[in-house]
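Below are the chains, spelled out letter by letter.
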Amino acid sequence: DEYQRTIGALFALFWLMRAHGDGKESFCFGLDEQWQLRRPSDFLVGDAASAEKKEEWKKRQKFYDSTDWHGLSKLLVDAGLLKAPEGPHDVDRTMAMLVLLAIHDIMKLAALQPTVDRGGFAGFKSGEAITDHDIALSFVLTRAPDLLPSFFGLSTAQRETIKFTHCKLEYNMGWL
């Protein structure tokens with residue numbers, strides 16, 4: 001489900017940017033119904049102690065133990081999201097990343113898919129609906145950016161970064 005993947009991506013970014021605190025644990029083990037970090041007992045004690053839950057815990061613990069957390073923090077610093085591994089974050093760059101995560105698949109909703117207004121666009125003719133969701137988003141980002149207030153409200157530099165990432169590189173979030 002697209003909504004769940006988008007929410008998951010937003011949480012993943014939040015947790016990775018907080019890796020120096022409880023972010024690593026939240027990223028690997030998740031949160032319970034009260035939004036508290038899940039503990040081993042959530043997987044290994046009582047009704048939760050099924051073989052399947054125990055195996056899930058082992059996988060999560062292995063991931064936690066074997067992940068290059070320093071490398072991930074360095075990636076966020078190199079991307080300009082964090083100014084240092086323990087923060088603070090760069091507000092403009094972080095906002096741009098959050099916007100990209102939020103809008104990256106919105107054109108999968110047929111009702112939002114634009115129609116080419118003039119000339120052509122990426123193989124679509126004038127008057128033709130753009131049915132490819134990535135091309136549709138590229139069209140809106142380049143020809144009608146004001147239709148996406150969260151994007152339009154970013155600084156020019158951050159809008160250009162998103163356009164480069166999405167429109168020129170044709171970056172796909174599914175690659176993660």
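Criteria and thresholds
- Residues numbered from 1 in each chain as written.
- Predicted model: local features only at pLDDT ≥ 70, side-chain atom pairs only at ≥ 80, totals over all residues.
- Heavy atoms only, no water.
- Helix = DSSP H or I, 4+ residues; strand = E, 2+ residues; numbered from the N terminus.
- Rg over C-alpha atoms; globule rule 2.2 N^0.38 Å.
- Buried < 20%, exposed > 50% of the residue type's maximum accessible area, 1.4 Å probe, protein only.
- Areas by Shrake-Rupley, 256 points an atom, 1.4 Å probe, with all protein chains shown as cover.
- Lys, Arg positive; Asp, Glu negative; His and termini not counted.
- Charge placed at Lys NZ, Arg CZ, Asp CG, Glu CD.
- Salt bridge = Lys/Arg side-chain N within 4 Å of Asp/Glu carboxyl O.
- Contact = heavy atoms within 4.5 Å.
- Axes fitted to C-alpha atoms, helices over the stretch in contact; angles between N-to-C directions.
- Parallel < 35°, antiparallel > 145°, perpendicular 65-115°, else oblique.
- Nonpolar A, V, L, I, M, F, W, Y, C, P; charged D, E, K, R; others polar.
- Phe/Tyr/Trp six-rings, centres within 6.5 Å; stacked < 30°, edge-to-face > 60°.
- Lys NZ or Arg CZ within 6 Å of the ring centre and 35° of its normal.

**Q** Got a minute to help me understand the overall build of the protein in this structure?
**A** The number of helices and strands found in the protein is 9 helices and 0 strands. Secondary structure of the protein in N-to-C order comes out as α-α-α-α-α-α-α-α-α. Taking 2.2 N^0.38 as the reference for a compact globule, 176 residues should give roughly 16 Å; the C-alpha atoms of the protein span a radius of gyration of 20 Å, well beyond that estimate. With the C-alpha coordinates of the protein rotated into their principal frame, the extents come out at 65 × 35 × 25 Å. Split into buried and exposed, the 176 residues of the protein put 34% on the buried side. Here the protein has roughly 10900 Å² of accessible surface; of this, 57% comes from carbon and sulfur atoms. Considering the protein, the positive charge centre built from 21 side chains and the negative charge centre built from 25 side chains are found 3 Å apart.

**Q** Looking at this model, I keep getting lost on the pattern of salt bridges. Mind explaining?
**A** A side chain of one charge can pair with a side chain of the opposite charge if their charged atoms are brought near each other. As enumerated under the stated definition, the model contains 11 salt bridges in all. One salt bridge in this structure joins Lys53 and Glu56, with 4.0 Å as the shortest N-O distance. Placement of both Lys53 and Glu56 in helix H4 (residues 51-66) is noted, with a separation of 3 residues, approximately one turn of the helix. By relative accessible area, which is 23% here, Glu56 ends up partly exposed.

**Q** What is the right way to look at the side chain of Ser73 in this model?
**A** For Ser73, the position within the fold is in helix H5 (residues 69-78). Classification of Ser73 as buried rests on a relative accessible area of 10%. Aside from chain neighbours lying at most four places away, what touches Ser73 is Ala19 and Pro85.

**Q** What exactly am I supposed to notice about the packing of helix H1 (residues 2-17) against H5 here?
**A** Geometrically, a packed helix pair is captured by the angle between its two axes and the distance between the axes. Where H1 contacts H5, the two axes come as close as 10 Å, and the packing angle between them is 105°. Our classification of the angle between H1 and H5 gives roughly perpendicular. In this structure, H1 contributes Leu13, Leu16 and Met17 to the contact, and H5 contributes Trp69, Leu72 and Leu76. Considering only residue class, the contact of H1 with H5 consists of 6 nonpolar, no polar and no charged.

**Q** I'm lost on the packing of aromatic side chains in this one. Help?
**A** Think of a pair of aromatic rings as described by two things: how far the centres are apart, and how the planes are tilted against each other in angle. Taken as a whole, this structure holds 9 aromatic pairs when the rule is applied. Considering the side-chain rings of Phe121 and Phe139, the 5.1 Å spacing of their centres and the 85° angle between planes classify their relative orientation as edge-to-face. Of this pair, Phe121 sits in the loop between helix H6 (91-103) and helix H7 (133-143) while Phe139 sits in helix H7, and the two are 18 residues apart along the sequence. Just above the ring of Phe152 sits the side chain of Arg159; from NZ or CZ to the centre is 5.5 Å.

It is worth stressing that arrangement in space is one thing and function is another; only the former is reported here.
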